[in-house]
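Here is how the chains run, residue by residue.
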Amino acid sequence: GENVEQHPSTLSVQEGDSAVIKCTYSDSASNYFPWYKQELGKGPQLIIDIRSNVGEKKDQRIAVTLNKTAKHFSLHITETQPEDSAVYFCAASEWNNNDMRFGAGTRLTVKP
Amino acid sequence: GAGVSQSPRYKVAKRGQDVALRCDPISGHVSLFWYQQALGQGPEFLTYFQNEAQLDKSGLPSDRFFAERPEGSVSTLKIQRTQQEDSAVYLCASSPMPGKNTEAFFGQGTRLTVV
């Protein structure tokens, strides 16, 4: 089955700096890679996703890149703000597979 | 409501007690997922419903775990004879798309503590 590894487990940046979180996956059949943001006491919220037919996707300050050959994908947050502080999870699955595998999460702290 | 609603938010159970966790998905959403999230970990898939049909229960950790969605809307996750290792946050998610976990919206979860 799919195995997703995520690092770093914690990340602290100064407001305005960029933050990068990286994930690797094991199953070459995986073709859907979402990123979720989870704030304290809340459920995960989808912030961006990418499918395997593209290498990069951007939405305002958030971008995701995918390297299918190396089986890794990354989340990039630019111009970080204190409200970006949360736990971020990457995930991977086949497009029509119910079993989506999550990474262990990265706790991002943005210092004002 | 506009989002996925779960109840109770917190549940403390004595070891051996049965518990039932409720999920109200977004109205009209076909797909419903249950996940278990241990402290400091990512969510782990438990089971999937498409309308009232439970199409995938491969993630349920033991036969003490049982889920149902009899009318294709509200779902209940039941855990019998709870054990300490069942302590976790149980997340429910729903999606308007059948058979796919894309665009899934998560509820706030139920934090279960078994003492």
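Residues numbered from 1 in each chain as written. Chains lettered and ligands numbered in written order. Predicted model: local features only at pLDDT ≥ 70, side-chain atom pairs only at ≥ 80, totals over all residues. Heavy atoms only, no water.

A.B. asks: Help me out: how do you make sense of the interface of chain A and chain B in this one?
C.D. replies: Note on interface size: it is often stated as the accessible area lost on association of the parts. With 19 residues of chain A at the contact, the number on the chain B side is 22 residues. Here chain A meets chain B over a buried area of about 1,600 Å², counting both sides, of which 52% is carbon and sulfur. Between the two partners, chain A and chain B, sit zero salt bridges. Here chain A is connected to chain B by two residue pairs in polar contact (both at pLDDT 80 or more). Here the side of chain A that touches chain B takes three residues from strand 4 (residues 32–38) of chain A, the largest share from any one element. Split into classes, the residues belonging to the side of chain A that touches chain B amount to nine nonpolar, eight polar and two charged. (Contact = heavy atoms within 4.5 Å. Buried area = accessible area lost by both parts, 1.4 Å probe. Salt bridge = Lys/Arg side-chain N within 4 Å of Asp/Glu carboxyl O. Polar contact = N/O pair within 3.5 Å; in protein donor to acceptor, adjacent residues only side chain to side chain. Helix = DSSP H or I, 4+ residues; strand = E, 2+ residues; numbered from the N terminus. Nonpolar A, V, L, I, M, F, W, Y, C, P; charged D, E, K, R; others polar.)

A.B. asks: Got a minute to help me understand the pattern of salt bridges in this structure?
C.D. replies: Working definition: two side chains of opposite charge can pair if their charged atoms are close together. A full pass over the atoms with the stated rule returns seven salt bridges over all chains. Residue lysine 42 of chain A pairs with glutamate 39 of chain A through a salt bridge whose shortest N-O separation is 3.6 Å. Here glutamate 39 of chain A falls in the partly exposed class, since its relative accessible area comes to 31%. The partner of aspartate 86 of chain B in a salt bridge is arginine 64 of chain B, and the shortest N-O contact between them spans 2.8 Å. Of this pair, aspartate 86 of chain B sits in the loop between strand 8 (75–79) and strand 9 (88–95) while arginine 64 of chain B is found in the loop between strand 6 (53–56) and strand 7 (65–68), placing the two residues 22 residues apart along the sequence. For the residue pair aspartate 86 of chain B and arginine 64 of chain B, the accessibility class agrees, reading buried in each case. Through salt bridges with shared partners, one network takes in Lys37, Glu39 and Lys42 of chain A. (Buried < 20%, exposed > 50% of the residue type's maximum accessible area, 1.4 Å probe, protein only.)

A.B. asks: How should the side chain of histidine 29 of chain B be read in this particular structure?
C.D. replies: Residues and elements named next belong to chain B. Tracing the backbone through its elements, the reader meets histidine 29 in the loop between strand 3 (19–24) and strand 4 (31–37). Side-chain polar atoms of histidine 29 contact the backbone nitrogen of serine 95, separated by 3.3 Å. The contacts of histidine 29, once residues within four sequence positions are left out, are Arg69, Ser94, Ser95, Pro96 and Phe105.

A.B. asks: Whenever I open this one, the sheet that holds strand 1 (residues 4–7) of chain A confuses me. Can you help?
C.D. replies: Note on sheets: strands pair through backbone hydrogen bonds, and any given pair is parallel or antiparallel. Residue and element names in this part refer to chain A. Pairing is antiparallel across the open sheet formed by five strands, whose spatial order is 1-3-8-7-6. In this open sheet, the two strands that pair with only one neighbour each are strand 1 and strand 6 (56–59). Mean inter-strand twist for the sheet, computed between neighbouring axes without regard to direction, equals 15 degrees. Of the strand pairs in this sheet, strand 1 and strand 3 (residues 19–25) are connected by four bridges, and their pairing is antiparallel. Residue pairing in the sheet places glutamine 6 in a bridge with cysteine 23 of strand 3. (Pairing = 2+ DSSP bridges. Axes fitted to C-alpha atoms, helices over the stretch in contact; angles between N-to-C directions.)

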